[in-house]
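# Examining the three-dimensional arrangement
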Amino acid sequence: MAKLSQEELLAQFENLTLIELSEFVKAFEEKFDVTAAAAVAVAGPAGPAAVEAAEEQDEFDVILTGAGEKKIQVIKVVRELTSLGLKEAKDLVDGAPKPVLEKVAKEAAEKAAESLKGAGASVEVK
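The structure presented is a predicted model; accordingly, all values stated were derived computationally and were not measured.

### Looking at unusual backbone geometry
Phi angles above zero are rare outside glycine, and aspartate 33 is one such case at about 50°. As for its placement among the helices and strands, aspartate 33 is situated in the loop between helix H2 (18-32) and helix H3 (48-55). Classification of aspartate 33 by relative accessible area gives exposed; the value is 72%. We note that lysine 103 has phi near 55°; this positive angle belongs to a residue other than glycine. Within the secondary structure, lysine 103 sits in strand S2 (residues 98-104). When its relative accessible area of 61% is taken as the criterion, lysine 103 is described as exposed.

The structure is reproduced here in structure tokens:
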């Protein structure tokens, strides 16, 4: 097997969906017994650039605040968005307000919120 360069590897990763990339990271961590945690830097007082970077949010939570009148449709959408079984999805919808998705990209959060609203649920993205 030919050794791939960094550029070739990055080109391959660009074609993966977020879910596929997440699964890859989990498999990588298990295979090599490592964690892909971000390094924590020790810094002095935060300057304006650091405050500005902290304000820009890149991970969002989709929170189901109410099922509405079409509870069965909402349960179906929750099952599509997550890998929950029927009972778990029903419990999540019944126990609203509850997070459906946590720490997802802005686009994924907006798409999930649209799907849930389309099914008649009330949703909050934080």
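### Examining the sheet that holds S2
The three strands lie next to each other as S2-S1-S3, forming an open sheet whose pairing is antiparallel. Edge positions in the open sheet fall to S2 and strand S3 (122-125), since each of these has one partner strand only. Within this sheet the neighbouring strands show an average axis-to-axis angle of 20°, counted without direction. When strand S1 (residues 60-66) meets S3, the two strands line up antiparallel, connected through four bridges. In the strand pairing of S3, glycine 66 is matched with serine 122. On top of the sheet, helix H6 (residues 106-118) reaches S1, S2 and S3; it is set at about 15° to S1, its chief contact.

### Details of the packing of aromatic side chains
Scanning the model with the defined rule gives two aromatic pairs in all. With a centroid separation of 6.0 Å and 40° between ring planes, the pair formed by phenylalanine 24 and phenylalanine 28 is classed as tilted. Of this pair, phenylalanine 24 and phenylalanine 28 both sit in helix H2, four residues apart, which is roughly one turn of that helix. Taking the centre distance of 4.8 Å and the plane angle of 50° together, the rings of phenylalanine 28 and phenylalanine 32 count as tilted. Of this pair, phenylalanine 28 and phenylalanine 32 both sit in helix H2, four residues apart, roughly one helical turn. Owing to a relative accessible area of 40%, phenylalanine 28 belongs among the partly exposed residues under this scheme. Among the aromatic residues, those joined into a cluster by ring pairs are Phe24, Phe28 and Phe32.

Quick notes on the rules
Residues numbered from 1 in each chain as written. Predicted model: local features only at pLDDT ≥ 70, side-chain atom pairs only at ≥ 80, totals over all residues. Heavy atoms only, no water. Helix = DSSP H or I, 4+ residues; strand = E, 2+ residues; numbered from the N terminus. Buried < 20%, exposed > 50% of the residue type's maximum accessible area, 1.4 Å probe, protein only. Pairing = 2+ DSSP bridges. Axes fitted to C-alpha atoms, helices over the stretch in contact; angles between N-to-C directions. Contact = heavy atoms within 4.5 Å. Phe/Tyr/Trp six-rings, centres within 6.5 Å; stacked < 30°, edge-to-face > 60°.

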